[in-house]
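Okay, here's what each chain looks like letter by letter:
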Amino acid sequence: MSFLEDRSKTDWQSLDSEHYLHPFTDHKDLGNKSRIIAKADGVYVYDIDGNQILDGMSGLWCVNIGYGRSELSEAAATQLNELPYYNSFFQCANPPSIELANKLDKITQKQFNRVFYTGSGSESIDTMIRIVRRYWEVLGHPNKKTIIARKNAYHGSTIAGVSLGGMNAMHKQGGPLLPGIEHVDQPYWFESDRSHSPDDFGKKVASQLEEKILEIGVDNIAAFVGEPIQGAGGVIIPPDSYWPEIQRICNHYGILMVTDEVICGFGRLGEWFGADHFQIKPDLMTFAKGVTSGYLPLGGVMVSEKVSSAIIDKGGEFAHGFTYSGHPASCAVAIENIRILDEENLVLRTKNEIGPYLQNKWKSLEDHPIVGETRMVGLMGAMELVPQKDNPQRFDDKSTAGMTFRNFAVNNGLVMRAVGDTIVTAPPLVISEEEVDEMVEKAWMCLDHTQSEMTN
Ligand SMILES: *Cc1c(COP(=O)(O)O)cnc(C)c1O
């Protein structure tokens, strides 16, 4: 059964504009012009007019193995027929959720021995906050509640996710936010005055964590959390000096370190997790998105032995959980997704083959007169649009350069996202060399267009 034949494009659009309240959308701008995406295959999506669009964003950073993999839809169908749903409360479990827990144990660092399942990244963040606070409670430190995160971080959209994230535009709406959260600066070298070398800058920004711990008092601090590479904030790749210094500070003060792997996990950076790329050892990791390549909703928190054993041994019942924790169909899809990532060597290919291939082409965009910097790790990158490449100034505050690029791109068969004047990309890990060539050629054309629009 397909819905596609049911209505015309304009019918879909007008129904959409009447009844649908979209996420992160200004409906006055949207009107009844929503782009109806009808199909997808490999790295391409197709709108209802049949336009082919190269998806340089893997949906929302999640379709790691690409679209149209029938192994995943068959895994879901088989599981839905056998056991569509049962809960994991009250001493119950189901085979796919147990099997997936076992797989996750194998692909994560050795301190991780347990997973808590959720339905999304935001729920994983909420769960992580509850776990770290609970951990310190059961150890007899009920004041250790504060969690330190970074400005311009994205940790989801529930009230805890918004609060922990550092997005000004989100903080302005729907407060008050969750108490017990502090923010330090992000390691965004290009946005700094660039008076320090990247490595000195990385250390300097990391030292803000230490200052914050001393300011709030270590007896009040539960954890530090960060995305290994900030995604939604603009693919902010920290200098190499940054994460080791964060790890050193967390160890020194004995606070928990959490990596939010919702984007970086499941191969995006050429390792299973971002923590592996940066060679750090977090106590907890939140994940979602790429765990199922987005085919069904699933998220979770990897919990280290140290944290899980404290909660289990000293805590009694952990009063937390979701109806869809350990959903059998989602877990079955995740198992199949991980099998494909593994057997088709997609993680290693990202590290050693297609990642370097795209990185090299991406770097060549720096020859364009309006590109001030490009950066990429694995298959996750950004470029900075500037008026003149040798001058560190950006376009002014009201710049439309990023939006101009993005809109021209999608109308010419390429999805990339604009974060202000930062263009970001994260294509499916299955992208071929020819598709990379197409992506980068199109990006160059979009740069030409943006340059001529901005100088007119
Ligand atoms: C997308 C994202 C989230 C939120 O995930 P949802 O599934 O949208 O709730 C959390 N953290 C990071 C780093 C993300 O990119």
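Our structure's up above, just so we're on the same page.
The structure contained in this document is the topic of the report that follows. Predicted, not measured: the structure shown is a model, and the values here were computed from it. (Residues numbered from 1 in each chain as written. Predicted model: local features only at pLDDT ≥ 70, side-chain atom pairs only at ≥ 80, totals over all residues. Heavy atoms only, no water.)

Some remarks on the layout of surface pockets
Note the threshold: Using a 1 Å grid laid over the protein atoms alone, points where a 1.4 Å probe fits but cannot get out form a cavity; open sets with protein on both sides within 12 Å along at least 5 of 7 lines form a pocket; any residue with an atom within 4 Å of a point counts as lining. Grid points are joined across faces, edges and corners, and a volume is the space filled by probe spheres set on the points. Each helix corresponds to a stretch of at least 4 residues labelled H or I by DSSP, and each strand to a stretch of at least 2 residues labelled E; elements are numbered beginning at the N terminus. Residue type decides the class: Asp, Glu, Lys and Arg count as charged, Ala, Val, Leu, Ile, Met, Phe, Trp, Tyr, Cys and Pro as nonpolar, and the leftover types, Gly among them, as polar.
Its volume calculated, the second largest pocket comes out at about 980 Å³. Elements represented by at least two residues in the lining of the second largest pocket include exactly helix H5 (95-107), strand S4 (112-118) and helix H12 (305-315). Among the elements that make up the lining of the second largest pocket, the one with the highest residue count is S4 (five residues). The class makeup of the residues in the lining of the second largest pocket is 14 nonpolar, 10 polar and two charged.

With respect to the sheet that holds strand S15 (residues 422-425)
Here is the rule we go by: If DSSP finds at least two bridges between two strands, the strands pair. Note on geometry: axes are lines fitted to C-alpha atoms, helical ones only across the stretch in contact, with angles between N-to-C directions running from 0 to 180 degrees. Contacts are residue-level and defined by heavy atoms, with any inter-residue pair within 4.5 Å sufficient.
Taken together, the four strands give an open sheet; going across it, the order is S11-S12-S15-S14, and neighbouring strands pair in antiparallel fashion. The open sheet is flanked by strand S11 (371-377) and strand S14 (417-419), the only strands paired with a single partner. Sheet twist, expressed as the mean angle between neighbouring strand axes with direction ignored, is 20°. Docked against the sheet, helix H15 (residues 354-364) engages S11, strand S12 (380-385) and S15, running at close to 175° with respect to S11. On top of the sheet, helix H16 (residues 401-411) reaches S12, S14 and S15; it is set at about 125° to S12, its chief contact.

Regarding the packing of H5 against helix H13 (residues 328-343)
This is how the line gets drawn: Handedness of a helix crossing follows the sense of rotation of the near helix relative to the far helix, less than a right angle counterclockwise being left-handed and clockwise being right-handed.
H13 packs onto H5 with a crossing angle of 35° between their chain directions and a minimal axis gap of 8 Å. The two elements H5 and H13 meet at a crossing, and its hand is left-handed. For the pair H5 and H13, the contacting residues are Pro 96, Ser 97, Glu 99, Leu 100, Lys 103, Leu 104 and Ile 107 in the first and Pro 328, Cys 331, Ala 332, Ala 334, Ile 335, Ile 338 and Arg 339 in the second. Counted by class, the contact of H5 with H13 contains 10 nonpolar, one polar and three charged residues.

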